[in-house]
Amino acid sequence: MQFESFAEFIDMGGYAFYVWLAYGITFFSLGTLIVVSARQKKKVLAEIAKKIQREERLKENRGNKQ
Amino acid sequence: MWKWLHSYADPERAYKLAGKLLPWFSAIALGMIGVGSIWGLMFAPVDYQQGDSYRIIFIHVPAASMSMSAYMAMASSAFIGLVWQIKAADWAAAAIAPVGAVLTFIALITGATWGKPMWGTWWVWDARLTSELVLLFLYLGVISLYAAFEDKVLAARAAGILAIVGVINIPIIKYSVEWWNSLHQPATIKITEESSMPMEMLAPLLINILGFGVMIGAITLVRFRAEILARNGMRPWVRELAKAEGVK
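Residues numbered from 1 in each chain as written. Chains lettered and ligands numbered in written order. Predicted model: local features only at pLDDT ≥ 70, side-chain atom pairs only at ≥ 80, totals over all residues. Heavy atoms only, no water.

1. Looking at helix α8 (residues 199-231) of chain B
Next up, step 1: Over its 33 residues, α8 of chain B runs 47 Å from end to end, which matches the ideal 48 Å to within 8%, given 1.5 Å per residue.
Next up, step 2: Counted residue by residue, α8 of chain B has 24 buried out of 33 residues, so it is predominantly covered. (Helix = DSSP H or I, 4+ residues; strand = E, 2+ residues; numbered from the N terminus. Expected span 1.5 Å × (residues − 1). Buried < 20%, exposed > 50% of the residue type's maximum accessible area, 1.4 Å probe, protein only.)

This is how it looks when you write it as structure tokens:
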């Protein structure tokens, strides 16, 4: 351990603002990317499911007319 | 061997293989980045010139070097897709692009927050920084070209050509610190000679570089799977999956 106390660790030898800004933005943007990427699959499947439902409704209506 | 490899160009098999690999990639990436970052932040020795501000290196260098590796991976995929007309390669390229763009963004931002305390400025228009900014624009160009066409075969061709032409920027980034005078320091990790860095600093850095690489793999797998589903919406296996999981 390079730091004597937790407060010293947070202070980063006086560079707290720059170090934590860098780490903060890094993990925030990676987190956002991961969440957006993980949601993609659900969105795509929901769209396809909607399309299938629409197709089935069309098929039923066509059947009623005849 | 080629026959075996070729079977993974089949969308369903590629989708399943990506799903099988994903938990391993995620776990390894999480472990390595966790260890590398905590080691770098808490246990690596203080730099005698830069004090604790140098600890930004443990994310800056991995993000910057992997932003270039990701670009090469994307361009190679795009090349395979263009030449051999393997659609799965086009989808892989489309999956990597946003990941690479975020990494490039991180490399630029962490570079700025390191530059401010050390150089006294957030930004300078020198060769290394400018060429890395061009890399970000190349990624954004590839992403928007792919999104601009309704016909994704055409979209992949257009985006792929831009990706391949943009490869010229990669050696420019890599050698910019040697070809031109730059505020940016030259590479500290050398493959052919001894690195100008003690082992206690080098080890967490290398762990994080590898960790970032595996993380790109993991996020790309997630996006690749979604891309396969989106491009194969008419196939029976995707429709079954949509019926099972897509309905709320």
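From this point, things continue past the structure.
2. Side note on the packing of aromatic side chains
Next up, step 1: Overall, the coordinates contain 14 aromatic pairs over all chains when judged by the stated rule.
Next up, step 2: Between Trp123 of chain B and Trp125 of chain B, the aromatic rings sit 5.4 Å apart at their centres with planes inclined by 80 degrees, giving edge-to-face as the arrangement.
Next up, step 3: Its relative accessible area of 26% is what places Trp123 of chain B among the partly exposed residues.
Next up, step 4: On the basis of relative accessible area, Trp125 of chain B is assigned to the exposed category, the value being 65%.
Next up, step 5: An angle of 25 degrees between the planes, with centres 5.6 Å apart, marks the rings of Tyr175 of chain B and Trp179 of chain B as stacked. With a gap of four residues between them, Tyr175 of chain B and Trp179 of chain B both fall in helix α7 (residues 169-179), about one helical turn apart.
Next up, step 6: By way of ring pairs, the aromatic residues Phe3, Phe6, Phe9, Trp20, Tyr23 and Phe27 of chain A are connected into one cluster.
Next up, step 7: Sitting over the face of the ring of Tyr175 of chain B, Lys174 of chain B holds its NZ or CZ atom 5.5 Å from the ring centroid. (Phe/Tyr/Trp six-rings, centres within 6.5 Å; stacked < 30°, edge-to-face > 60°. Lys NZ or Arg CZ within 6 Å of the ring centre and 35° of its normal.)

3. Description of the pattern of salt bridges
Side chains carrying opposite charge are able to pair once their charged atoms draw close together.
Next up, step 1: Under the criterion given, the structure shown has five salt bridges over all chains.
Next up, step 2: Between Glu245 of chain B and Lys41 of chain A there is a salt bridge, with its nearest N and O atoms 3.8 Å apart. Of the two residues, Glu245 of chain B sits in helix α9 (residues 236-246) while Lys41 of chain A sits in helix α2 (residues 16-65), which places them in two different chains.
Next up, step 3: Here Glu245 of chain B falls in the partly exposed class, since its relative accessible area comes to 45%.
Next up, step 4: Under the relative-accessibility criterion, Lys41 of chain A is labelled partly exposed at 22%.
Next up, step 5: Arg55 of chain B is paired through a salt bridge with Asp52 of chain B; the nearest N and O atoms lie 2.9 Å apart. (Salt bridge = Lys/Arg side-chain N within 4 Å of Asp/Glu carboxyl O.)

4. Describing the interface of chain B and chain A
How big an interface is tends to be stated in terms of the accessible area lost upon association of its parts.
Next up, step 1: Contacts between the two partners involve 49 residues from chain B and, on the opposite side, 35 residues from chain A.
Next up, step 2: Summing the contributions of chain B and of chain A, the shared interface buries around 3,600 Å²; its carbon and sulfur component is 75%.
Next up, step 3: Joining chain B to chain A, the criterion identifies two salt bridges.
Next up, step 4: On inspection of chain B and its partner chain A, the count reaches five residue pairs in polar contact (both at pLDDT 80 or more).
Next up, step 5: Counting only elements with at least two residues in the side of chain B that touches chain A, the list comes to α2 (11-43), α3 (57-84), α4 (87-119), α8 and α9 of chain B. (Contact = heavy atoms within 4.5 Å. Buried area = accessible area lost by both parts, 1.4 Å probe. Polar contact = N/O pair within 3.5 Å; in protein donor to acceptor, adjacent residues only side chain to side chain.)

5. Notes on the side chain of Thr26 of chain A
Next up, step 1: Within the element layout of this structure, Thr26 of chain A appears in helix α2.
Next up, step 2: Excluding anything up to four places from it in sequence, Thr26 of chain A contacts Ile59, Ile106, Thr110 and Phe212 of chain B.

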